[in-house]
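# Working through the structure, step by step
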Amino acid sequence: MQKYEVSREIYNPCAGIYNFDMNFEEEVCTDNIEEVLEKWIGKKLPEFHKKVYDDGLTIEYELLLPRKERYTFSVIK
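Presented here is a report on the structure given in the accompanying data block. (Residues numbered from 1 in each chain as written. Predicted model: local features only at pLDDT ≥ 70, side-chain atom pairs only at ≥ 80, totals over all residues. Heavy atoms only, no water.)

## Points about the nonpolar core
The biggest cluster of nonpolar side chains holds 15 residues, and the ones touching the most others in it are Leu37, Leu63, Tyr71 and Phe73. Sorting the residues of this core by element identifies strand 1 (2-12), strand 2 (17-30), helix 1 (33-41), strand 4 (58-63) and strand 5 (69-75) as the ones contributing at least two each. Among the elements that make up this core, the one with the highest residue count is helix 1 (four residues). Sequence-distant contacts of Leu37, that is, excluding residues within four places in its chain, are made with Leu45, Tyr61, Leu63, Tyr71 and Phe73. (Core = buried A, V, L, I, M, F, W, Y, C linked by side-chain atoms within 4.5 Å. Buried < 20%, exposed > 50% of the residue type's maximum accessible area, 1.4 Å probe, protein only. Helix = DSSP H or I, 4+ residues; strand = E, 2+ residues; numbered from the N terminus. Contact = heavy atoms within 4.5 Å.)

## So, the pairing of strand 2
The sheet contact formed by strand 1 and strand 2 spans ten bridges and is antiparallel. If you follow Gln2 over to strand 2, its bridge partner there is Thr30. (Pairing = 2+ DSSP bridges.)

## Observations regarding the sheet that holds strand 5
Spatially, five strands are ordered 2-1-5-4-3 in an open sheet, and the strand pairing comes out antiparallel. Both outer strands of the open sheet, strand 2 and strand 3 (48-52), are each paired with one neighbouring strand and no more. Within this sheet the neighbouring strands show an average axis-to-axis angle of 15°, counted without direction. Contacts from helix 1 reach strand 1, strand 2, strand 3, strand 4 and strand 5 within the one sheet, and its direction differs from that of strand 5 by about 135°. (Axes fitted to C-alpha atoms, helices over the stretch in contact; angles between N-to-C directions.)

## Regarding the pairing of strand 5
Across the seven residues of strand 5, five count as buried, placing the element largely inside the fold. Note: strand 1 against strand 5, seven bridges, orientation antiparallel. Paired with Ile10 across the two strands is Glu69, which belongs to strand 5. The pairing of strand 4 with strand 5 spans six bridges and is classified as antiparallel.

## Points about the packing of aromatic side chains
Aromatic ring pairs: the centre-centre distance and the angle between the two ring planes describe each pair. Scanning the entire structure with this criterion turns up eight aromatic pairs. Their ring planes at 45° and their centres at 5.5 Å tell us that Phe48 and Tyr61 sit as a pair that is tilted. Placement of the pair is Phe48 in strand 3 and Tyr61 in strand 4, with a sequence separation of 13 residues. Accessibility expressed as a relative area gives 27% for Phe48, which makes it partly exposed. Here Tyr61 and Phe73 contribute two aromatic rings whose centre-to-centre distance is 6.2 Å and whose plane-to-plane angle is 75°, an arrangement assigned as edge-to-face. You can see Tyr61 sitting in strand 4 and its partner Phe73 sitting in strand 5, a full twelve residues away along the chain. For the pair formed by Tyr61 and Phe73, the shared burial category is buried. The positively charged end of Lys68 is found above the aromatic ring belonging to Tyr11, 4.5 Å away from the centroid. (Phe/Tyr/Trp six-rings, centres within 6.5 Å; stacked < 30°, edge-to-face > 60°. Lys NZ or Arg CZ within 6 Å of the ring centre and 35° of its normal.)

Structure follows, in structure tokens:
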């Protein structure tokens, strides 16, 4: 299993930017990130965009919820 440090950002539609959720700081060990996201949001994953960074160590999920959320998973070595 891979170990990740995870951050969450919440979209502010008034300002048109994402703000870090300072109350959310997680470390998780998983082979299935999407399953972890479903557990955190409490339902089946909605439509989302996934971006894997060139370093291969960072994966970003933008969940298209009524209020968009962005989760960034960074591999812990």
